[in-house]
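Topology and contacts: notes
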Amino acid sequence: MTATPGDPAAEQPPPQDDHAFFGQPRGLLTLSGLEVWERFSFLGMQAILVLYFADSVAHDGMGMDAGTAASVSAAYGTLVYLVSVAGGWLADRILGSYRAVLYGGVLIACGHYAMAVPAPATTWAGLGLISAGTGLLKPNVASMVGKLYRTDDQRRDAGFALYYMGINIGAFLGPLITGWLGDHKGWHWGFSAAAVGMTFGLIQYVLGRRHLAGRRHAAEFALPPEGMRRAVRLMVLGALIVAALAVLLALGGWLTMSRFVDLLTLISVIAPVVYFAVMFASPRVTPEERGRLRPYVVLFLASVAFNFILFQAYSTMMLLASTNAETTLLGFHFPAGWYASALGAFEVALAPVVAAVWARMGPRQPHASNKIAFGVILGGLSFLLMVVPTAGHGGAAYKMAAWWIVGSYLLLGLGDILLETSGMSATTKLAPKAFASQTMSLWFLSLALANGIQAQTVKVYGKVSNAAYFGVNGAVAVAVGVAVILAAPWLKRTMHPVH
């Protein structure tokens, strides 16, 4: 019998797809391929973005000082993850996952093409489009991966491992291409490469759509027709009002770049506070679930502390590499942006090793809270390591060996593997059932807050010594990690069923 478009069978991939990709569903290849190119474009662009901001206008840069360049770059990250909170809701209620990811990818590609045009106005317009597009795409691709498997499918964890490996392959390749083009041809050539990469990702996503589960056009939990029309009208009206207000305030001289950065930081602080307050006060949350929320607040703050360090791999660390690190190896000159590729390379190499260690240890492996704590400590140590080569040196005359930054990224990559996998798992298990569909929103809010805090802290980069900057920030992260370890007995008691 042939399935009609409205039948559930029409929403499932062909039966022969189920083990077609290394024993995994064929749709995993489509979604992993999309993420390879999305991360290629996003992190490839981000690896050179802060360098473009800090470069002189004579060299087609924006002419910002180092601290301002890092702050604006962090504010862009804040906006991306704040918009991602809304992206999940739009997919659930209005667009559906397939269309949300498709429209998001189109916006991202358009944003990168806009940034390929050498003009400040197109740069800001491009960043706005990429923020909106990433907000639609990022929270919904992972949920589409989950739909490829039954709840009790034993291949699920291995499938997500392959998916995250794809992410890190893109994170490795992106800075290599954009960094070389930015260094040899110009920054906007690097942005062009990101645009082409995202276009490739979209093409293979559309061509592979028949292999995806739940590829319906309607949203899974769609609003009723009248409610949907009202929601769309309110969103369009709200966007127009915000845009008009922003233009008026900018023309009046009140809305400067610095104040816009401060506003995003303020929103990134208020949003999680409100989110947690709503969950704690909700009558739909049981006392038992409320008890599990308390330890999650601790893990949420640990995620903020780690990602505050991690995101600087693409801001202050890039600035440091461009001014104070050797960019010659065995007589071969390489762009400073290539250092960012080391992070993706280490995560690709170390992820299966870490997974094998946990599997070998079985029930003897550390509790999830300790894995997260170790990740935060490694992130702090990656910054503390930079104190050694920068102490007693100032200006751009001193060049440290490449291995210092590579070693820092090794610690950071290992910390990321420990924290992200355990943190996401704990998020899904500790969130109240009434908010289960919004667990990704919680995680993205921790990333938004980390970027929001970074947007303020990096303003002092270049105004204090590098040793002091990296030393203080690294020490704070280590202290947070140690505090989580000290709280381990309480966390183990209150985090059930997380082990």
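Every value quoted in this text rests on a predicted model; they were computed, and no experiment measured them.

Reading guide: rules and limits
Residues numbered from 1 in each chain as written. Predicted model: local features only at pLDDT ≥ 70, side-chain atom pairs only at ≥ 80, totals over all residues. Heavy atoms only, no water. Helix = DSSP H or I, 4+ residues; strand = E, 2+ residues; numbered from the N terminus. Buried < 20%, exposed > 50% of the residue type's maximum accessible area, 1.4 Å probe, protein only. Contact = heavy atoms within 4.5 Å. Areas by Shrake-Rupley, 256 points an atom, 1.4 Å probe, with all protein chains shown as cover. Expected span 1.5 Å × (residues − 1). Bend = angle between axes of the 7 residues up to and from the residue. Salt bridge = Lys/Arg side-chain N within 4 Å of Asp/Glu carboxyl O. Core = buried A, V, L, I, M, F, W, Y, C linked by side-chain atoms within 4.5 Å. Patch = residues over 30% accessible without salt bridge, like charges linked within 9 Å, V, L, I, M, F, W, Y side chains within 5 Å. Phe/Tyr/Trp six-rings, centres within 6.5 Å; stacked < 30°, edge-to-face > 60°. Axes fitted to C-alpha atoms, helices over the stretch in contact; angles between N-to-C directions. Parallel < 35°, antiparallel > 145°, perpendicular 65-115°, else oblique. Left-handed = near helix turned anticlockwise from the far one by under 90°. Nonpolar A, V, L, I, M, F, W, Y, C, P; charged D, E, K, R; others polar. pLDDT = per-residue confidence, 0-100.

Some points on the overall build of the chain
The helix and strand inventory of the chain stands at 17 helices and two strands. Per-residue burial for the chain yields a buried fraction of 51% across its 499 residues. Summarising the internal contacts of the chain: among those between residues at least 6 apart in sequence, 81% fall at separations of at least 24. For the chain, the computed accessible surface area is about 21700 Å², with 71% contributed by carbon and sulfur atoms.

Concerning helix α9 (residues 287-310)
Given a rise of 1.5 Å per residue, 24 residues ought to cover 34 Å, and the 35 Å separating the end C-alpha atoms of α9 matches this to within 8%. Pro295 marks where α9 bends most, by close to 25°. Across the 24 residues that make up α9, a large majority, 17, are buried.

Description of the pattern of salt bridges
Per the counting criterion, the structure on display carries six salt bridges. The salt bridge partner of Arg233 is Glu226, with a shortest N-O separation of 3.6 Å. Note on Arg233: relative accessible area 48%, which makes it partly exposed. By relative accessible area, which is 45% here, Glu226 ends up partly exposed.

Here we look at the side chain of Thr178
Locating Thr178 in the fold gives a position in helix α5 (residues 156-184). Apart from the residues lying within four places of it in its own chain, the contact partners of Thr178 are Gly44, Met45, Ile48, Gly190, Ala193 and Ala194.

A look at the environment of Val261
With respect to the secondary-structure elements, Val261 resides in helix α8 (residues 257-281). If sequence neighbours within four positions are ignored, Val261 has contacts with Ser71, Val72, Ala75, Ala455, Gln456 and Lys459.

Description of the nonpolar core
In terms of nonpolar packing, the biggest core is built from 94 residues, with Met45, Leu49, Phe53, Tyr339, Ile405 and Tyr409 touching the most fellow members. Contacts of Leu49, omitting those with residues within four sequence positions, involve Ser73, Tyr76, Met115, Leu127 and Phe191. Core analysis: the next-biggest nonpolar cluster, separate from the first, contains 22 residues, Leu28, Ala109, Tyr163 and Leu212 among them.

Overview of the environment of Trp403
As for its placement among the helices and strands, Trp403 is situated in helix α14 (residues 402-430). A residue is classified by how much of its surface remains accessible, and Trp403, at 60% relative accessible area, is exposed. C-alpha of Trp403 to C-alpha of Glu326: the two residues are 77 residues apart in sequence and 9.2 Å apart in space.

Regarding a nonpolar patch on the surface
On the surface, a nonpolar cluster with roughly 900 Å² of combined accessible area is contributed by Trp124, Met257, Phe260, Leu263, Leu266, Ile267, Val269, Ile270, Val273, Val274 and Val278. By the secondary structure assignment, Trp124 is in helix α4 (residues 120-146). Residue Trp124 is classed as partly exposed on the basis of its relative accessible area of 32%.

Comments concerning the packing of aromatic side chains
For the structure shown, the criterion picks out 18 aromatic pairs. Centroid distance Phe334 to Tyr339: 5.4 Å. Interplanar angle 75°. Geometry classified as edge-to-face. For the pair formed by Phe334 and Tyr339, the shared burial category is buried. Three or more aromatic residues link up through ring pairs in this structure, and these residues are Tyr52, Phe53, Trp124 and Phe191.

A few points about the packing of helix α2 (residues 66-95) against α8
It is at 10 Å that the axes of α2 and α8 come closest, and there the two elements cross at 40°. Accordingly, the angle class assigned to the pair α2 and α8 is oblique. Pair α2 / α8 crosses with left-handed handedness. Note on element contacts: α8 touches α2 through Met257, Val261, Leu264, Ile267, Ser268 and Ala271, opposite Ser71, Val72, Ala75, Thr78, Leu79 and Leu82. Class assignment of the residues belonging to the contact of α2 with α8 gives a composition of nine nonpolar, three polar and no charged.

Quick notes on the environment of Gln46
With respect to the helices and strands, the residue Gln46 is situated in helix α1 (residues 26-54). Distance in space between the C-alpha atoms of Gln46 and Gly174 is 9.3 Å, their sequence separation being 128 residues. Residues contacting Gln46, with those up to four places away along its chain left out, are Tyr76 and Tyr314.

Observations regarding the confidence of the model for the chain
As a note on interpretation, predicted positions should not be read in detail where pLDDT is low. Across the chain, the average pLDDT comes to 84, with 89% of residues at 70 or higher. Within the chain, the lowest mean pLDDT, 78, falls on strand β1 (residues 328-329), and the highest, 95, falls on helix α16 (residues 466-486). Taken together, the stretch residues 1-10 has pLDDT below 50 and engages in six contacts with residues farther than four places along the chain or on a different chain.

A look at helix α11 (residues 339-361)
For α11, spanning 23 residues, the distance from its first C-alpha to its last is 33 Å, which sits close to the expected 33 Å at 1.5 Å a residue. Listed in full, the buried residues belonging to α11 are Tyr339, Ala340, Ser341, Ala342, Leu343, Gly344, Glu347, Val354 and Trp358. Two residues or fewer past α11, Gly362 is found with a positive phi of approximately 55°.

What to know about the packing of α1 against helix α6 (residues 187-207)
Between α1 and α6, the shortest axis-to-axis distance is 8 Å and the interhelical angle comes to 170°. When the axes of α1 and α6 are compared, the pair comes out roughly antiparallel. As α1 packs across α6, the resulting crossing turns out to be left-handed. Here the contact of α1 with α6 is composed, by residue class, of 18 nonpolar, eight polar and one charged.

Topic: the side chain of Thr265
Relative to the elements of secondary structure, Thr265 occurs in helix α8. Judged by relative accessible area, which is 11%, Thr265 ranks as buried. Among all residues touching Thr265, those that are not within four sequence positions of it are Gly452, Ala455 and Gln456.

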